[in-house]
Amino acid sequence: MTTIWERIIRGLGVFVVITFFVAAVTPVSNIVGQKLAVTETLQPSDVIVVLGAGLMQSGTLNNESMRRTVRGVELYKQGLAPILVLLGPPFDGGSSPTEAAVRARFARTMGVPSEAIIKIENSMTTREESIHTASLLRQRNVHRIILVTESLHMRRAKLVFERTGLEVLPAISTDYPSSILRPAGRLWLAMRLVQESTALAYYRLAGYI
Amino acid sequence: MELIFVIILVAITSVFGFAIARRTRPVTAAVLIKAIGRLLDWAGLFTLFMAANLGLGFLFVVVFRELTLHFVSLYQLESILLLILSAAQAFVFCQWHNRA
């Protein structure tokens with residue numbers, strides 16, 4: 001004799017197994033991801049703002065942080081803005097060099113002059129990044145920015161930065177929905193979609209966007 | 001290609017496992033169907049435990065942020081350890097429930 005709870009749990013199991021295979025084998029995650037992602041709009045602006053993505057414990061940039069930095073430097077070199085704003089706190093909020101400092105060193109190595117680089121080293125969340133960046137840029141009378149982050153994070157980032165009164169032009173560091181095609185990658189993409197959708201809902205509920 | 005390769009590997013080891021198991025115990029189709037049912041029960045329980053752990057973790061982080069000046073990232077919940085421990089929780093709960 002099975003109880004209603006046992007039937008619910010088995011039904012949930014069936015649903016999860018089917019969802020797992022659909023997410024891994026079919027392009028559903030890619031299609032949903034493309035709907036959530038924001039496309040790039042590039043025009044000359046006042047500054048290029050490169051959002052933080054994290055350091056490894058050794059103090060080196062993680063993969064996503066490196067991709068965003070490279071994209072920021074590339075846009076600077078194309079002459080789209082005269083200032084490069086690099087963000088990122090230290091690893092685990094400790095006293096080690098900040099992500100912004102490591103990125104600034106990399107940007108200088110790539111030929112960006114020191115006077116063109118601004119570091120923001122104390123922002124822990126996307127919302128804090130928007131507040132700290134906007135308060136700094138307001139003093140410089142900046143209104144239009146090129147925002148660099150990955151395509152899934154861009155929707156939330158763009159909305160929270162626009163909330164501060166800035167005009168935001170999105171520049172994509174990585175377009176995951178169109179670049180991931182293997183089953184394991186698709187599962188990771190499905191997880192990122194859940195994560196980013198939850199974060200978007202949280203930002204809306206909290207009134208940040 | 002990756003998917004076909006993985007499915008071939010799993011199919012080969014399943015057939016070997018099945019053949020070895022048959023030598024020690026009689027394995028019928030009914031027992032196999034029951035085992036698949038248990039796998040689905042485990043998957044359902046795993047989802048419940050994972051959701052509960054994530055929900056509780058989210059609550060802890062938000063309350064901690066509000067009550068103290070320390071920042072704790074929600075990305076702490078993006079942990080492979082949480083995934084494995086949730087799976088273990090579901091497995092033990094399943095075994096306990098089936099034998100109770």
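A brief report on the enclosed structure follows. Quick caveat, the model's predicted, so the values are computed rather than measured.

Within chain B, the secondary structure is distributed over three helices and zero strands. Counted from the first residue to the last, chain B has its helices and strands arranged as α-α-α. For chain B, whose C-alpha radius of gyration is 20 Å, the value lies well above the compact-globule estimate of 13 Å for 100 residues. In terms of its C-alpha atoms, chain B occupies a principal-axis envelope of roughly 60 × 45 × 15 Å. A total of 100 residues make up chain B; the buried ones form 15% of that total. When contacts within chain B are restricted to residue pairs at least 6 apart in sequence, those whose partners lie at least 24 apart make up 61%. Separation of charge centres in chain B, based on 7 positive and 4 negative side chains, amounts to 25 Å.

Let us now look at the interface of chain A and chain B. Taken together, the contact pairs 18 residues of chain A with 18 residues of chain B. Between chain A and chain B the total buried area reaches about 1600 Å² when both faces are included, carbon and sulfur atoms providing 70% of it. On the chain A side of the contact with chain B, I9, R10 and Y202 of chain A bury the most area, a combined 30% of that side's loss. Summed over the shared surface of chain A and chain B, the result is one salt bridge. A salt bridge links D41 of chain B to R10 of chain A, with the shortest nitrogen-to-oxygen separation between them at 2.8 Å.

Before going further, it helps to examine the pattern of salt bridges. Residue and element names in this part refer to chain A. Scanning the model with the defined rule gives eleven salt bridges over all chains in all. Linking R156 and E196 is a salt bridge whose minimum nitrogen-to-oxygen distance equals 2.6 Å. In this pair, R156 sits in helix α6 (residues 151–162) while E196 sits in helix α8 (residues 183–205), placing the two residues 40 residues apart along the sequence. No difference in accessibility class separates R156 from E196, as the two residues are buried. One salt bridge in this structure joins E162 and K158, with 2.8 Å as the shortest N-O distance. Of the two residues, E162 and K158 both sit in helix α6, four residues apart, roughly one turn of that helix.

Cut-off values and rules
Residues numbered from 1 in each chain as written. Chains lettered and ligands numbered in written order. Predicted model: local features only at pLDDT ≥ 70, side-chain atom pairs only at ≥ 80, totals over all residues. Heavy atoms only, no water. Helix = DSSP H or I, 4+ residues; strand = E, 2+ residues; numbered from the N terminus. Rg over C-alpha atoms; globule rule 2.2 N^0.38 Å. Buried < 20%, exposed > 50% of the residue type's maximum accessible area, 1.4 Å probe, protein only. Contact = heavy atoms within 4.5 Å. Lys, Arg positive; Asp, Glu negative; His and termini not counted. Charge placed at Lys NZ, Arg CZ, Asp CG, Glu CD. Buried area = accessible area lost by both parts, 1.4 Å probe. Salt bridge = Lys/Arg side-chain N within 4 Å of Asp/Glu carboxyl O.

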